[in-house]
Each structure stands twice: as structure tokens, then as C-alpha cells.
Amino acid sequence: MLFGTCDPGGRLPVTVPRSVGQLPIYYGVRPMRAAADAYAGLAASPLYEFGHGLSYTTFRYDNLKVSRRRIKAGETTEVRVDITNTGHRADQEVVQPYLADRQSSVSLPITQLRGFAKVDLCPGQKETVRLTLGPQDMELVDESMRRVVEPGTFEIQIGNSSAKIHLRGTFEVS
């Protein structure tokens, strides 16, 4: 790996803090915690974010498409994104979809990982990645401790780590 004969493919399953004052730190922080940290003067960015990984090549994310912009609770929607290897080496990219509920009745993390897809690409090769978001991806536990899908706007964020979001799109649940 040090000489580039093979490419590392690992991703961090945790967030590594910049200082002990950031503890506990994780990618799915709630909005009030983020505001309190900023008020206390703590650095907002970690040393290494959830999903961080290095590579000897580069990738480009294009053409985010949400198949159904309006769905009913209990229905699914498909998200498609084109990934292109823009580097000079064959490599594997880990595409990470994050979902953010913009109008929930209870406090939720700012964003939540909703799966991943690994794509093997040769130099210059492009592939369309398809990800399906179902009711289990949009549900929350309400004040009565029931799992429900609430109506509202959801933002889909596609990236290769929790801090490196390349594309964003929205859809509505009614």
C-alpha cells in the first residue's frame, strides 16, 4: 500500500476528535449539540470524520436523480448517481447516502447514514449507482414511542464520508 501497488479500501467506522473537548463526537449530532459546541468555542470539524478513507485515485460524482420527488408514507424512491474514476488507477469507491429529515416532530440527528454501495472502477470508467430508500429509512420514533414516517421534506446527501458530501437532492413524503 505504501508504494501504490495496491489501493487501500478501508473507511473509518468512527469519528476521530481533534481534541478531548469534542468528546463525545459522532457524525449524527443533534442540532442543539452542534449549536452548544459552537457557542463553547469548540472546533466544529473532527480530525477524521466518519467514513474517512484515502485513495491513490480520484472520483467525480454527477447527475443525482431521485426517481419520485413526491411519495406517500410507506412507499419507496430510488436515488441514482453517476460515479466516474477521474484518476489513473483502478480503485473501489464507497458511495454513502445520508438522509436528513427537515421537518420532524422530535429531535433527530442532523443526518443519518442509510446504506452504502461499493463500486469498482477502472480509470475513466463511469457507473450509475442505484440506491433504494424505503419506509425504514425515513421512519422515526415519535413522542408515543411508535415508529412512524412523518410527512415532510427529506434531503438526500451523497458523498464518500459524512463530511465530504458531493451532491444533494430532496423529496417530499405526504
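Just so it is clear, the structure is predicted and the values come from calculations on it, not from any experiment.

K.L.:
Quick rundown of the overall build of the chain? Include the residues and the values.
P.N.:
Regarding its fold elements, the chain presents two helices and eleven strands. Scanning the chain from its N terminus toward the C terminus, one meets helices and strands in the order α-β-β-β-β-β-β-β-α-β-β-β-β. A buried classification covers 40% of the 174 residues belonging to the chain. Intrachain contacts of the chain at a sequence separation of at least 6 include 69% that bridge at least 24 residues.

K.L.:
Explain the sheet that holds strand 7 (residues 126-133) residue by residue, including any values.
P.N.:
If you trace the three strands from one edge of the open sheet to the other, you get 1-3-7, paired in antiparallel fashion. At either margin of the open sheet sits one strand with a lone partner, and together these are strand 1 (59-66) and strand 7. Taking each pair of neighbouring strands and ignoring which way they run, the sheet shows an average axis angle of 20°. In terms of strand pairing, strand 3 (residues 77-85) meets strand 7 through eight bridges, oriented antiparallel. Bridge pairing in strand 7 links Thr84 to Lys126.

K.L.:
Before we move on, could you go through the pattern of salt bridges and cite the residues and values that matter?
P.N.:
Taken as a whole, this structure holds nine salt bridges when the rule is applied. Residue Arg60 is joined to Asp62 by a salt bridge in which the shortest nitrogen-to-oxygen separation is 2.6 Å. For Glu155, the salt bridge identified is with Arg168, shortest N-O distance 3.6 Å. Of this pair, Glu155 sits in strand 10 (residues 152-159) while Arg168 sits in strand 11 (residues 165-173); the two residues are 13 residues apart in sequence, bridging distant segments of the chain. When its relative accessible area of 13% is taken as the criterion, Glu155 is described as buried.

Cut-offs applied
- Residues numbered from 1 in each chain as written.
- Predicted model: local features only at pLDDT ≥ 70, side-chain atom pairs only at ≥ 80, totals over all residues.
- Heavy atoms only, no water.
- Helix = DSSP H or I, 4+ residues; strand = E, 2+ residues; numbered from the N terminus.
- Buried < 20%, exposed > 50% of the residue type's maximum accessible area, 1.4 Å probe, protein only.
- Contact = heavy atoms within 4.5 Å.
- Pairing = 2+ DSSP bridges.
- Axes fitted to C-alpha atoms, helices over the stretch in contact; angles between N-to-C directions.
- Salt bridge = Lys/Arg side-chain N within 4 Å of Asp/Glu carboxyl O.

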